[in-house]
Amino acid sequence: QTSDVKIDIYDLASLLVKEWAFVKGKPEAAKGVHKIQWDGKNGSGQLVANGSYICRVQYNGETHKFKILIIK
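Residues numbered from 1 in each chain as written. Predicted model: local features only at pLDDT ≥ 70, side-chain atom pairs only at ≥ 80, totals over all residues. Heavy atoms only, no water.

A. Inspection of the pattern of salt bridges at higher detail. In the structure shown here, the tally under the stated rule is three salt bridges. Lys-6 is the salt-bridge partner of Glu-19, the closest N and O atoms lying 3.1 Å from each other. In this pair, Glu-19 sits in strand β2 (residues 16–22) while Lys-6 sits in strand β1 (residues 5–11), placing the two residues 13 residues apart along the sequence. For Arg-56, the salt bridge goes to Asp-8, with nearest N and O atoms at 2.7 Å. One end of the pair, Arg-56, is in strand β3 (residues 51–59); the other, Asp-8, is in strand β1, and 48 residues separate them in sequence. A residue is classified by how much of its surface remains accessible, and Arg-56, at 21% relative accessible area, is partly exposed. One salt-bridge network, in which partners are shared between bridges, spans Lys-6, Asp-8, Glu-19 and Arg-56. (Salt bridge = Lys/Arg side-chain N within 4 Å of Asp/Glu carboxyl O. Helix = DSSP H or I, 4+ residues; strand = E, 2+ residues; numbered from the N terminus. Buried < 20%, exposed > 50% of the residue type's maximum accessible area, 1.4 Å probe, protein only.)

B. A look at the nonpolar core. In this structure, Ile-7, Ile-9, Val-17, Trp-20, Trp-38, Val-48, Tyr-53, Cys-55, Val-57, Ile-68 and Ile-70 together form the largest nonpolar core, which totals eleven residues. Of all elements in the fold, only β1, β2, β3 and β4 (62–70) reach the threshold of two or more residues within this core. Examining the composition of this core, we find that three residues originate from one element, β3, more than from any other. If we skip the residues at most four places from it in the chain, Ile-7 touches Lys-18, Glu-19, Trp-20, Phe-22, Ile-36, Cys-55, Arg-56 and Val-57. (Core = buried A, V, L, I, M, F, W, Y, C linked by side-chain atoms within 4.5 Å. Contact = heavy atoms within 4.5 Å.)

C. Seen up close, the side chain of Asp-8. Overall, the relative accessible area of 0% leaves Asp-8 in the buried class. Within the structure, Asp-8 has its side chain in polar contact with the side chain of Lys-6 (distance 2.7 Å). Each residue touching Asp-8, except ones within four places of it in the same chain, is listed here: Leu-16, Lys-18, Glu-19, Ile-54, Cys-55, Arg-56 and Gln-58. (Polar contact = N/O pair within 3.5 Å; in protein donor to acceptor, adjacent residues only side chain to side chain.)

D. The pairing of β2, seen in detail. With six bridges joining them, β1 and β2 adopt antiparallel strand pairing. Note that in β2 the partner of Lys-6 across the bridge is Ala-21. Linking β1 back to β2 in an antiparallel pair, the connection comprises four residues, with Ser-14 at a positive phi of about 70°. (Pairing = 2+ DSSP bridges.)

Here it is, written out as structure tokens:
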């Protein structure tokens, strides 16, 4: 189902590290299954530190969260 999708990555202090937004109707949000790859950089382009992060995915009024572990 086509919907707006927002993906945010937070550190364990709840500070926003990186975000993506896909708006239905835009070419990058075309219908289908999509995959994004996080390069381990924050919104300023700097590599983040090793450790745990929380990924929050929002779509169709639902929110799902899971942990990400960065080890370099």
